[in-house]
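Close look at the chain arrangement
The residues making up each chain are set out below.
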Amino acid sequence: MIREPIYTATPLKDLRPTQITVGLREVEEKRRRWSEKHGKKAGKFLATHMIPVVLGPKKQPYVTDHHHLARALRDERVREVATTVVLDLSRLEPESFWFVLDNRGLMHPFDEHGERRRYRDIPDSIDDLVDDPYRSLAGGLRRAGGFAKDTTPFSEFLWADFLRRRIKRKETERDFERALETALSLARSRDADYLPGWCGPVDD
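The structure contained in this document is the topic of the report that follows. Since the model is a prediction, treat every value here as computed from it, not as a measurement.

About the criteria used
Residues numbered from 1 in each chain as written. Predicted model: local features only at pLDDT ≥ 70, side-chain atom pairs only at ≥ 80, totals over all residues. Heavy atoms only, no water. Buried < 20%, exposed > 50% of the residue type's maximum accessible area, 1.4 Å probe, protein only. Helix = DSSP H or I, 4+ residues; strand = E, 2+ residues; numbered from the N terminus. Pairing = 2+ DSSP bridges. Axes fitted to C-alpha atoms, helices over the stretch in contact; angles between N-to-C directions. Parallel < 35°, antiparallel > 145°, perpendicular 65-115°, else oblique. Left-handed = near helix turned anticlockwise from the far one by under 90°. Contact = heavy atoms within 4.5 Å. Nonpolar A, V, L, I, M, F, W, Y, C, P; charged D, E, K, R; others polar.

1. Comments concerning the pairing of strand 3 (residues 51–55)
The buried count for strand 3 comes to five of five residues, which makes it a mostly enclosed element. Side-chain alternation along strand 3 places Ile51, Val53 and Leu55 on one buried face and Pro52 and Val54 on a second face that is also buried. Direction of pairing for strand 3 relative to strand 5 (residues 80–88): parallel, over a ladder of five bridges. Counterpart to Val53 in the pairing with strand 5 is Val85. The pairing of strand 3 with strand 4 (residues 61–63) spans three bridges and is classified as antiparallel. In the sheet register, Leu55 faces strand 4, and the bridge partner there is Pro61. What sits between the antiparallel neighbours strand 3 and strand 4 is a turn of five residues, in which Lys58 has the positive phi angle 60°.

2. Section: the sheet that holds strand 4
Taken in spatial order, the four strands make up an open sheet running 1-5-3-4, and their pairing is mixed. Taken across any chain shown, the strands that pair with only one partner, and hence form the sheet edges, are strand 1 (7–11) and strand 4. Ignoring which end each strand starts from, the neighbouring axes of this sheet average 55° apart.

3. Digging into the packing of helix 1 (residues 24–35) against helix 3 (residues 67–75)
The contact between helix 1 and helix 3 brings their axes to 8 Å, and the two run at 60°. When the axis of helix 1 is compared with that of helix 3, the two are oblique. Our pair here, helix 1 against helix 3, has a crossing hand that is right-handed. Facing Leu24, Glu26, Val27, Lys30, Arg31 and Trp34 of helix 1, the residues of helix 3 in contact are His68, Leu69, Arg71, Ala72, Leu73 and Asp75. Tallied by class, the residues present in the contact of helix 1 with helix 3 amount to six nonpolar, one polar and five charged.

4. Let's talk about helix 6 (residues 155–164)
Taken across its 10 residues, helix 6 has eight buried, putting it largely inside the fold. Along helix 6, the positions that sit buried rather than exposed are Ser155, Glu156, Phe157, Trp159, Ala160, Phe162, Leu163 and Arg164. Buried-residue contacts for helix 6 involve strand 2 (21–22), helix 5 (133–143) and helix 8 (176–187).

5. Structural notes on helix 3
The buried fraction of helix 3 amounts to seven of the nine residues, a majority that puts the element mostly inside the structure. Burial in helix 3 covers these residues: His67, His68, Leu69, Ala70, Arg71, Ala72 and Leu73. In the stretch just after helix 3, Arg77 is the one whose phi turns positive, near 65°.

6. What about the packing of helix 5 against helix 8?
How two helices pack is summed up by the angle between their axes together with the distance between the axes. One can describe the packing of helix 5 onto helix 8 by two numbers: an axis separation of 10 Å at closest approach and a directional angle of 65°. The orientation of helix 5 with respect to helix 8, classified from their angle, is roughly perpendicular. When you trace helix 5 past helix 8, the crossing you get is right-handed. Here helix 5 contributes Ser136, Leu137, Gly140 and Leu141 to the contact with helix 8, which in turn contributes Phe176, Ala179, Leu180, Ala183, Leu184 and Ala187. Among the residues forming the contact of helix 5 with helix 8, the class breakdown is eight nonpolar, two polar and no charged.

7. Structural notes on the environment of Val22
In this fold, Val22 is placed in strand 2. Residue Val22 is classed as buried on the basis of its relative accessible area of 0%. With 76 residues separating them along the chain, Val22 and Trp98 place their C-alpha atoms 20 Å apart. Excluding its chain neighbours within four sequence positions, the residues that come into contact with Val22 are Val27, His67, His68, Leu129, Val130, Asp131, Asp132 and Arg135.

Right under this line is the structure:
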């Protein structure tokens with residue numbers, strides 16, 4: 001028997017992140033798409049884009065996916081979203097809670113420089129997520145066909161780290177389109193064959 005997911009309406013201000021960064025260019029893209037929806041289309045979109053959460057200490061909902069969407073909707077002054085609980089860890093103490101999330105691949109405690117940080121450095125609010133331009137570059141790369149969408153947790157952060165080591169940050173910030181062209185070339189190389197969604201090299 002297949003069970004339908006149970007969802008609840010959750011205030012966006014109550015959602016807590018499980019990562020430190022987002023790509024703000026990606027957030028702006030989602031804001032643009034949201035602004036194109038009106039009336040029933042907007043309601044249907046919210047109903048079909050449930051945000052998965054883990055219940056942590058004091059029953060607080062921690063987002064495990066769709067951070068960019070949550071931030072975009074928050075910036076658009078949307079008050080509530082549909083969430084679905086994928087795991088209830090509310091009985092755990094904070095340190096145990098974060099340890100379990102970490103070891104189950106349900107968090108990404110890396111900053112905008114790709115450096116691992118302490119659990120306490122993860123923001124308390126979606127509003128306080130930090131911009132990582134390489135995460136935006138990875139998102140642009142996927143949409144351009146540089147790699148396939150994959151179910152590997154935080155797969156686009158793996159691509160962001162790959163690009164971070166090969167393209168200078170100033171180049172990414174100064175000329176995004178040119179950086180994207182470079183990223184496409186890199187994505188087709190054998191150097192990227194270990195990454196999720198790799199589509200293989202393109203022969204000239």
